[in-house]
Amino acid sequence: MPTTPLTVAVLGPGGVGGLIGGLLARDGHRVICLAGEETAAVLDRDGLHVDSTAFGRFTARVEAAGELREPVDAVFVTVKETALTDALGRIAPQAVDGAIVVPLLNGLDHVALLRERYPAARVVAGTIRVEATRTAPGRIEHTSPFAVVELAAPAGGAASTASVEEFAERVHEFAEQLRHAGLDVAVREDETAMLWSKLSFLAPFALLTTRHADGIGVVRTEHRDELLAVLEEITAVTKAVGAPAGTAALLAAFDRLPATMKSSMQRDVEAGRPTELDAIGGAVLRAAETHGVRTPTIARLVRELA
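The following paragraphs examine the structure supplied in this document. The shown structure was predicted, so the numbers you read here are calculated from the model rather than taken from an experiment. (Residues numbered from 1 in each chain as written. Predicted model: local features only at pLDDT ≥ 70, side-chain atom pairs only at ≥ 80, totals over all residues. Heavy atoms only, no water.)

What the rule picks out here adds up to four aromatic pairs. Between F201 and F254, the aromatic rings sit 4.7 Å apart at their centres with planes inclined by 20°, giving stacked as the arrangement. Highlighted residues: F201 in helix α6 (residues 191-212) and F254 in helix α9 (residues 247-256), separated in sequence by 53 residues. Neither F201 nor F254 differs from the other in exposure class; each is buried. The rings of F201, F205 and F254 are connected pair by pair, giving a single aromatic cluster. Cation over ring: R26 sits above F58, and NZ or CZ is 4.2 Å from the ring centre. (Phe/Tyr/Trp six-rings, centres within 6.5 Å; stacked < 30°, edge-to-face > 60°. Helix = DSSP H or I, 4+ residues; strand = E, 2+ residues; numbered from the N terminus. Buried < 20%, exposed > 50% of the residue type's maximum accessible area, 1.4 Å probe, protein only. Lys NZ or Arg CZ within 6 Å of the ring centre and 35° of its normal.)

Here it is, written out as structure tokens:
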């Protein structure tokens, strides 16, 4: 059914942000993409071009700006972790007063950073499972058959006049608006479990595909023993932080992936861009040290990729 149009800002209209922004704009929402001068000019002139295996090929009209100065209903933070600190300068704190702020970054540390920087906002931890790439400014290629978003409302930690119940209701309504736009969205009650569910999959995927410079199909066949060792270590860390985990379930997930699927870290290496090694591998090692869990295989991979 139709939903009330929102004004949504997208900080970083790359593969993930461009796909979400395009879907929301196509569904009738006002989308403001926050980007550098060159990208903003292209978006203002041509809109967002999305070529998706799941959603088809379409062009969506969006607005673009270098900074967000007006109030919005929601903000998606979809820059790389390596660019986050500088990118946040594009968002004035007053523009997100009371807004839902959804970071879809790899790793863990960004959630606390956003809650500290935007205390009047309602920062909702989020994750996304997708393979999407910006091939040029304003041009997004979505190659995975899925785009799965998970949201977890904080349990009252955000500074807000709304009650926890009201906040939770708003998050569920927002999730429904995202579903209407075409995304596969679930709301999780346990933020820690949600974030570690993503990281426990992403860390092995990113570290191993990048280390061996090949798709996941090669990793799970030619380097299966190493994959199993990493999965056992990440499962131990995940359980230690209090999140559910199982090596068999992770392995089954890897065996279902398209053989040619690459990680974003691998693509960054191929393109000569900075990687999110610390946000992904470093986050696992820091948690392992805190909880006294041995992770020799993961530590070796991080050293070799550093």
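Turning our eyes to something else, we now look at the packing of helix α8 (residues 224-240) against helix α11 (residues 277-291). Two measures define how a pair of helices packs: the angle their axes make with one another and the distance between the axes. Where α8 meets α11, the axes come as close as 9 Å, and the angle between the chain directions of the two elements is 60°. Classified by the angle their axes make, α8 and α11 are oblique. For the pair α8 and α11, the crossing hand works out as left-handed. Residues I234, V237 and A240 of α8 pack against V284, A287, A288 and H291 of α11. In terms of residue class, the contact of α8 with α11 is made up of six nonpolar, one polar and no charged. (Axes fitted to C-alpha atoms, helices over the stretch in contact; angles between N-to-C directions. Parallel < 35°, antiparallel > 145°, perpendicular 65-115°, else oblique. Left-handed = near helix turned anticlockwise from the far one by under 90°. Contact = heavy atoms within 4.5 Å. Nonpolar A, V, L, I, M, F, W, Y, C, P; charged D, E, K, R; others polar.)

With four bridges connecting them, strand β3 (residues 48-52) and strand β10 (residues 139-152) associate as parallel partners. Bridge pairing in β10 places D51 opposite E141. Direction of pairing for strand β9 (residues 125-136) relative to β10: antiparallel, over a ladder of 10 bridges. In the strand pairing of β10, A132 is matched with H142. Joining the antiparallel neighbours β9 and β10 is a turn of two residues, in which G138 adopts a positive phi near 80°. (Pairing = 2+ DSSP bridges.)

A few words now on the sheet that holds strand β6 (residues 74-77). Spatially, six strands are ordered β5-β2-β1-β6-β7-β8 in an open sheet, and the strand pairing comes out parallel. Either end of the sheet is taken by a strand with one partner, and the two such strands are β5 (63-65) and β8 (122-123).

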